[in-house]
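# Residue-level structure breakdown
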Amino acid sequence: MEILIPILSAAIRSGTPILYATLGEILTEKAGVLNLGLEGLMLLGAFSGFSATMVTGNPWVGLAAAVCVGMAVSALHAFLCVTMGANQVVSGLAITMFGTGMSALLGKAYVGETIRGLGILPVPLLAKVPLLGPVLFNHDPLVYLSYVLVGLTCWFISSTRWGLTLRAVGENPRAVDAAGLSVARLRYAYTMVGGGLAALGGAYLSVVYTQMWVEMMTAGRGWIAVALVIFGIWNPLRAAFGSYLFGGVGALQLRIQAAGTTVPAPLLLMLPYILTIVVLVGISVRKGKGILLGAPASLGQPFHREERD
Amino acid sequence: MESGKQQPLVQMLGITKSFASVKANRGINFDVFPGEVHTLLGENGAGKSTLMNILNGLYQPDAGSIRVKGAECRFSSPREAIAAGIGMVHQHFMLVPVLTVWENLVMGLPDLKAVLPKREVIRKIGELSGRYGLDVEPEAQVWQLSVGEQQRVEILKMLYRNAEVLVLDEPTSVLTPQEVRRLFDTICQMTAEGHGVVFISHKLDEVMEISDRITILRSGEVVETLPGPMATREMLAEKMVGRKIVFAVDKAVLNPGDTVLEAEGICALNDRGLPAIRNLSLSIRQGEILGIAGIAGNGQKELCEALVGLRPIQFGRVLLRGKDMTGRKPMDFLRAGVSYIPADRKGTGLVGAMNLRENFALKNFWRKPYAKGPFLSWESIAGETGRIVERFGVSAPGLGIPVRNLSGGNQQRLMLGRELSGTPDLIVAMQPTWGLDVGATEFVRDQLLRQRERGAAILLVSEDLEEVLALSDRLAVIHKGEIMGMVEDPRSASEEELGLMMAGIRRETAIEGEKGR
Ligand SMILES: Nc1ncnc2c1ncn2[C@@H]1O[C@H](COP(=O)(O)OP(=O)(O)OP(=O)(O)O)[C@@H](O)[C@H]1O
Ligand SMILES: [Mg+2]
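Residues numbered from 1 in each chain as written. Chains lettered and ligands numbered in written order. Predicted model: local features only at pLDDT ≥ 70, side-chain atom pairs only at ≥ 80, totals over all residues. Heavy atoms only, no water.

## As for the overall build of chain B
Applied cut-off: Here a strand is any run of E in DSSP of at least two residues, a helix any run of H or I of at least four, and the numbering for each starts at the N terminus. The globule rule used for comparison is 2.2 Å times the number of residues to the exponent 0.38, while the radius of gyration itself is calculated over C-alpha atoms. Exposed residues in this analysis have more than 50% of their type's maximum accessible area, buried residues have under 20%, and partly exposed residues fall in between, with area computed by a 1.4 Å probe over protein chains only. To be clear on the numbers: accessible area is Shrake-Rupley with a 1.4 Å probe, and residue cover counts the displayed protein chains and nothing else.
Broken down by element type, chain B carries 18 helices and 22 strands. Since a compact globule built from 517 residues should have a radius of gyration of about 24 Å, the 24 Å found for chain B is in line with a globular shape. Summarising its shape, the C-alpha atoms of chain B cover approximately 70 × 60 × 50 Å along the three principal directions. The buried share of chain B, taken over its 517 residues, is 54%. Carbon and sulfur atoms form 51% of the exposed surface of chain B, whose accessible area is close to 21400 Å².

## So, the overall build of chain A
Looking only at helices and strands, chain A has 12 helices and 0 strands in total. Scanning chain A from its N terminus toward the C terminus, one meets helices and strands in the order α-α-α-α-α-α-α-α-α-α-α-α. For 309 residues, the compact-globule estimate of 2.2 N^0.38 gives 19 Å, and chain A sits close to it at 20 Å. Dimensions of chain A, computed from C-alpha atoms along their principal axes, come out at roughly 60 × 45 × 40 Å. Counting across all 309 residues of chain A, residues that qualify as buried make up 51%.

## Observations regarding the domain arrangement of chain B
Residue and element names in this part refer to chain B. As a reminder of what qualifies: Residue ranges for the domains originate in an automatic or database domain assignment. The contact criterion used is simple: two residues touch if any of their non-hydrogen atoms lie within 4.5 Å. When two parts are put together, the accessible area they lose, computed with a 1.4 Å probe and summed over both, is reported as buried area. Just to be clear on terms, a salt bridge is a Lys or Arg side-chain nitrogen sitting within 4 Å of an Asp or Glu carboxyl oxygen. Identification of polar contacts relies on pairs of N or O atoms within 3.5 Å, with a donor-acceptor requirement for protein atoms, meaning one able to donate a hydrogen and the other able to accept it, and with residues adjacent in sequence counted only if both atoms are side-chain atoms. Under the convention adopted here, Pro, Cys and the residues Ala, Val, Leu, Ile, Met, Phe, Trp and Tyr are nonpolar, Asp, Glu, Lys and Arg are charged, and Gly plus all remaining residues are polar.
Assigned domains within chain B: domain 1 (10–241), domain 2 (246–337 + 427–517) and domain 3 (349–423). On a C-alpha basis, the centres of domain 1 and domain 2 stand 33 Å from each other. The interface is formed by 15 residues belonging to domain 1 together with 11 residues belonging to domain 2. Roughly 1200 Å² is buried in total at the junction of domain 1 and domain 2, and carbon and sulfur atoms are behind 60% of that figure. Scanning the region where domain 1 abuts domain 2 turns up 0 salt bridges. In this structure, the connection of domain 1 to domain 2 is made through 1 residue pair in polar contact (both at pLDDT 80 or more). In terms of residues, the side of domain 1 that touches domain 2 owes the most to one element, helix α8 (residues 233–241), which gives 5 residues. Partitioning the side of domain 1 that touches domain 2 into residue classes produces 6 nonpolar, 5 polar and 4 charged.

## A closer look at helix α14 (residues 408–420) of chain B
Inclusion rule: Here a helix's expected span is defined as the number of its residues, less one, multiplied by 1.5 Å.
Here α14(B) spans 18 Å end to end across 13 residues, near enough to the 18 Å set by a 1.5 Å rise per residue. Counting buried residues in α14(B) gives 13 out of 13 residues, a clear majority hidden from the surface.

## Regarding helix α13 (residues 378–391) of chain B
Residues and elements named next belong to chain B. Short version of the rule: Note that the arc is defined by the directions from the helix axis to the C-beta atoms.
End to end, α13 covers 20 Å across 14 residues, agreeing with the expected 20 Å (1.5 Å per residue, within 8%). Among the residues making up α13, those that are buried are Ile381, Glu384, Thr385, Ile388 and Val389. Mapping the buried residues of α13 onto a view down its axis gives an arc of 145°, with all of them on the same face. Those residues of α13 that are exposed and aimed more than 90 degrees away from the buried face are Glu379, Arg387 and Glu390. Positive phi appears at Gly393, one or two residues downstream of α13, with a value of about 60°.

## Comments concerning the interface of chain B and chain A
With 34 residues of chain B at the interface, the matching set in chain A holds 26 residues. Of the roughly 2600 Å² buried at the junction of chain B and chain A (both faces included), carbon and sulfur atoms supply 58%. When the area that chain B buries against chain A is broken down by residue, the three leading residues are Met94(B), Met107(B) and Arg404(B), summing to 22%. We note a salt bridge from Glu103(B) to Arg167(A), for which the minimum N-O separation is 3.1 Å. Elements supplying a minimum of two residues to the side of chain B that touches chain A: β1 (10–19), α2 (78–83) and α3 (101–106) of chain B. A class-by-class count of the residues in the side of chain B that touches chain A yields 19 nonpolar, 8 polar and 7 charged.

## Comments concerning the packing of helix α1 (residues 4–30) of chain A against helix α10 (residues 221–231) of chain A
Residue and element names in this part refer to chain A. Counted only if it meets this: Angles shown run from 0 to 180 degrees and are taken between the N-to-C directions of axes, each axis being a line fitted to C-alpha atoms and, for helices, limited to the stretch in contact. Working rule for angles: under 35 degrees goes down as roughly parallel, over 145 as roughly antiparallel, 65 to 115 as roughly perpendicular, anything else as oblique. If you view the pair so one helix is near and one far, a crossing is left-handed when the near helix is turned anticlockwise from the far one by less than a right angle, and right-handed when it is turned clockwise.
For the pair α1 and α10, interaxial distance at closest approach is 8 Å and the crossing angle is 50°. It follows from the interaxial angle that α1 and α10 lie oblique. Every pair of crossing elements has a handedness; the one defined by α1 and α10 is right-handed. Here α1 contributes Ile18, Ala21, Thr22, Glu25, Ile26 and Glu29 to the contact with α10, which in turn contributes Arg221, Ile224, Ala225, Leu228 and Val229. Across the contact of α1 with α10, the residue classes tally to 7 nonpolar, 1 polar and 3 charged.

## Examining the sheet that holds strand β13 (residues 289–293) of chain B
Residue and element names in this part refer to chain B. Quick reminder of the rule: Any two strands with at least two DSSP-identified bridges between them are counted as paired.
Judged by pairing direction, the sheet is mixed, and its 6 strands sit side by side in the order β16-β19-β20-β13-β21-β22 without closing on themselves. Edge positions in the sheet fall to β16 (338–341) and β22 (482–487), since each has one partner strand and no second. On average, each strand axis in the sheet is inclined to that of its neighbour by 15°, with strand direction left out of account. Sheet topology note: the β13/strand β21 (residues 474–479) ladder contains 4 bridges and is parallel. What sits directly across from Ala293, in β21, is Val477. Helix α15 (residues 438–454) contacts β13, β19 (426–430) and β20 (457–461) of the sheet and is inclined by roughly 150° relative to β20.

## Some details on the pairing of β19(B)
All names here are of chain B. For β19, the tally of buried residues reaches 5 of 5 residues, placing the bulk of the element in the interior. Of the two faces of β19, both are covered, the one formed by Leu426, Val428 and Met430 as well as the one formed by Ile427 and Ala429. Pairing geometry for β16 and β19, over 4 bridges, is parallel. In the sheet register, Ser339 faces β19, and the bridge partner there is Ile427. When β19 meets β20, the two strands line up parallel, connected through 5 bridges. Bridging from a neighbouring strand, Leu426 pairs with Ala457 of β20.

## Some details on the pattern of salt bridges
All names here are of chain B. Per the stated rule, a full pass over the model turns up 30 salt bridges over all chains. Among the salt bridges present, the one from Glu139 reaches Lys118, with a minimum N-O distance of 3.1 Å. With a gap of 21 residues between them, Glu139 in the loop between α4 (118–132) and α5 (147–160) and Lys118 in helix α4 connect regions that are remote in the sequence. Judged by its relative accessible area of 44%, Glu139 falls in the partly exposed class. Overall, the relative accessible area of 35% leaves Lys118 in the partly exposed class. With a shortest N-O distance of 3.0 Å, Glu288 and Arg474 are connected by a salt bridge.

## What to know about the environment of Met354(B)
All names here are of chain B. Mapped onto the elements, Met354 comes out in the loop between α11 (345–349) and α12 (356–364). Sequence separation between Met354 and Asp111 is 243 residues, and the spatial gap between their C-alpha atoms is 41 Å. In this structure, Met354 is in contact with Asn359, Leu362, Ile401, Pro402 and Val403, ignoring residues within four places of it in sequence.

## Topic: the side chain of Gln300(B)
Residue and element names in this part refer to chain B. Of note, Gln300 is situated in helix α9 (residues 300–307). One polar contact links the side chain of Gln300 to the main-chain carbonyl oxygen of Gly294, over a distance of 3.3 Å. When residues no more than four places from it in sequence are discounted, the contact partners of Gln300 are Gly294, Ile295, Met430, Val461 and Ile478.

## Regarding the packing of aromatic side chains
All names here are of chain A. To be explicit about the condition: Stacked, tilted and edge-to-face are the three classes assigned to paired rings of Phe, Tyr and Trp, where Trp is represented by its six-membered ring and a pair needs centres within 6.5 Å; plane angles under 30 degrees give stacked, over 60 edge-to-face, the rest tilted.
Tallied over the full model, the rule gives 13 aromatic pairs over all chains. An angle of 90° between the planes, with centres 6.2 Å apart, marks the rings of Phe50 and Tyr110 as edge-to-face. Placement of the pair is Phe50 in helix α2 (residues 38–56) and Tyr110 in the loop between α4 (88–107) and α5 (132–136), with a sequence separation of 60 residues. Aromatic ring contacts, followed pair by pair, group Phe47, Phe50, Tyr110 and Trp213 into a single cluster.

Pasting the structure below:
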C-alpha cells in the first residue's frame, strides 16, 4: 500500500495538465467545434506562462497570461472555422504547427532559465487523512482547481441553462438557431474557453510541474487530450479518470526505469501512448457493436443558416 | 372568417425572395387572422416553405414587408419572430434527439432560470398537454419518440413560447390517420382560443376539411385566395398545377407471371439490435404489386432493407427468380435488377452535398454506358440525368447544384426518376409519394403502374391506406414485424377489418369478430 502512494500522487500531478486540456476540448467539442490545435495551444501556454512568470516574478500572472494567449489563439481557430467555415481539421493542425514553431522561436532565450513557480500547499485537515490525504490533497493549488473544475463542468453541462444550450448546439445547431440563439457566438465562446484551458494545462507543465522551459515540452500531451475526450465519451469525470490513468502509467514507467531493468527506456517511455492507442481501439470496437457514443452529432461541421442539409 | 372587421395577426406584403437563379417567392401577399386556419397550397417547389421561413425570421426577404398586428416588423432571426408571437413547426423537425422532451422545450428560452427548473417546466408541460390534447412523456429522450410524438413536442415548444400564430409545414405527411385526427383536434382547440394557424399540406381532403381560407401558390406567385368551404378537390388541383388531375387510378387487368421475389420465414433486427421482422414470408410475381399496410414503425423499413440486401437476415431465405440471395451484398441485388426507393430520401436515398449527376451515378456507376472500364462517362451520366429531370419534372436550376438545395418534393422526384427509369425486375418502394404534390403523386402512381405492366414485381410499403388500396393487387398488413393477414382483393377489403389487423389482430380472428357482431 505504502509504495502505491507516491505513484498515485505522481499520477495526479502528471495527469493534471492533460486534464485541463481535455476539459477544454470537451467544452469545445460539445459546442460542435473540433480543435486539433491543443498541442500547439499547450506549448504556447507553457511558453507564455513561463516567460510571464519570469518577467513579473508572480506565477499567478504567468498562468493568467497563458490563459489569455490560449483564448486569443483559439479565437483565431473559431474565426476560421465558425465565421469562414474552414475545414476544422486543417485549421486545428495549422494552430498546432503555429504554436509549436512560435513557442520554440520565442522560447530560445528562455532555455536553461529557472523560475519560482507554484509550490505544494497541503490542504489543512484533509491532507492528514490516511491514503487519500497524501494522494489527493498534498499538491499545488492548480490540482485542487482542477478537481473543482471537473465537478463544476459536470454540473454546468447537465443542470444549467447554458449547459443545455451547449449540449444542443453541438447536436443540432439548427434547433439552437430556430430557438433564436446565436450558434456562432456560442461556438466562439466555447472554443475560446477550451483554448484557454488547454493553455493553462501547458502552463502547468512549465510554471508548476517542471518550473523550466524546454522546447516541445508537452511531448504529445495535447494529442493525448484529444484522444481522452473520446475515451471519456465527452464526460468530464471519465476524462479525469483517463488523464490520471495516463499520468499514472507515465509515473510507473519512470519508477521502473529508476529501479533499473533490462527493458530499454524508449520502450517504457512509449507505454502511456500505447495504452492510449489500445484504449481507443477498444472503444471503437465497442462502438461497432452499436453502443451509443456521446460524440456531438454536428462535431466538425460548419453551420450556415440558409444552406439546407 | 370575417376578414374585414378584425385586424390580422400577421400580414406579409409583396414578399420576394430568390436563391441564386431561382425565384422562390415573387411579390406574395399573405395574412392570418385570429382564430382561422389559413392554408398554403402549391406544387413542390412553389415556395411555401420559403415564404414561411421568411415569416419565421430564418430567411431574409429580398423585398416586401411583414406586419404583426399592424406594426411593421423585421425579423433577423427566429428568436425575434417567436418574440412577436410567430412559431413554426418545420417540415424537418428542429429537435435535439439526445435531449429530453422538457429540455428541448425550454432550450433557448430567454427568461429561463440559471439552474434548470425541471419540476416547474414539467408541470407547465402537463398543463399545456392537457389543454391541447398533446400527450408526451416529458422525461423521455426525443430519439425514443415516434414521429407523431416528436411533432407534438414541436407544437408544445411553440405554445410554451406563447406563439399566437403557428405555422405547420406539412405536418400530416408523417402522421398515421389516427394521429392526423388528433392533430386536427389540437388545431381546432388552438383556433378556438384565438390562435392563427398556417397549414401546409399536399393532401387535398385534409386541406378542405381544416381550412378557413386557402391561398394557392404557383412558381412563387399567388394564384388565388379562396374561402375553404367553397373549395373542391378538382378545382384546387387544377388551380395548383394549371391542368386537370385525374384522381382515379386506372389499372389494367394483368395475369401475374413468374415469381420474382420470395422471402421464406425471414427474421431481422432493427438498428438497436431488437427483433424487427419475425418469421415473415411473402412472394411477389411479375406484373404484381404487393402492398404492405401498417402503422409506421412496425418493421416496414427493416423489411425493405432486408429484401434489398441492406440489412442482414438472421434466419430464413430471400430468393430472387429462384436464386438464393441470402447474405449477398447490396451490389449483388443491384446487379440482379432490384430498385429501392427508401423513405428517408435524405439518408439512404440521396447525398445532399452531391449534385444531381453525382446522385444519379451513385446507383449506376457500375454499368454501361455510365462506366467505361474504371472511368465514369460523365457525358452519358449527364445525358441520362437530364432526361430524368425532364421526364420526372424535377425543377432544378441545373444538374450541377447540390440536391439539398432542391425542395423536398423535387428531391423525391429525382430519386424516383433514378430508381424507375431503368428496367428493374423488382421495385421495393417505401412511401414513394411522401411529400409530393397531387400532380406528382398522380405521376408516380402512373409510373409504378407502368412498371407493373412492363412486368416488374413491386413491393409497395405505405402508411397511406388509400394509396396501397388503390394500387395493390394483393395487400398484406404488417404489425410488429409479422404479417397479420393477406387480402387477395384489396378493393373489397373493409377499412375496419384492415384497421383491426393494423392494431395487431390476425385476419382469421378479425373476420370472425366482424361476423360475430
Ligand atoms: N436554401 C436554398 N438554397 C437554394 N435554393 C432554395 C433554398 N430553399 C429553397 N430553394 C428553392 O426555392 C424553391 C422553393 O422551395 P420551397 O422549399 O419553398 O418549396 P415548397 O413549396 O415548400 O415545396 P415542397 O412542397 O416540395 O416542400 C425551390 O425551387 C427550391 O429549390
Ligand atoms: Mg416545403
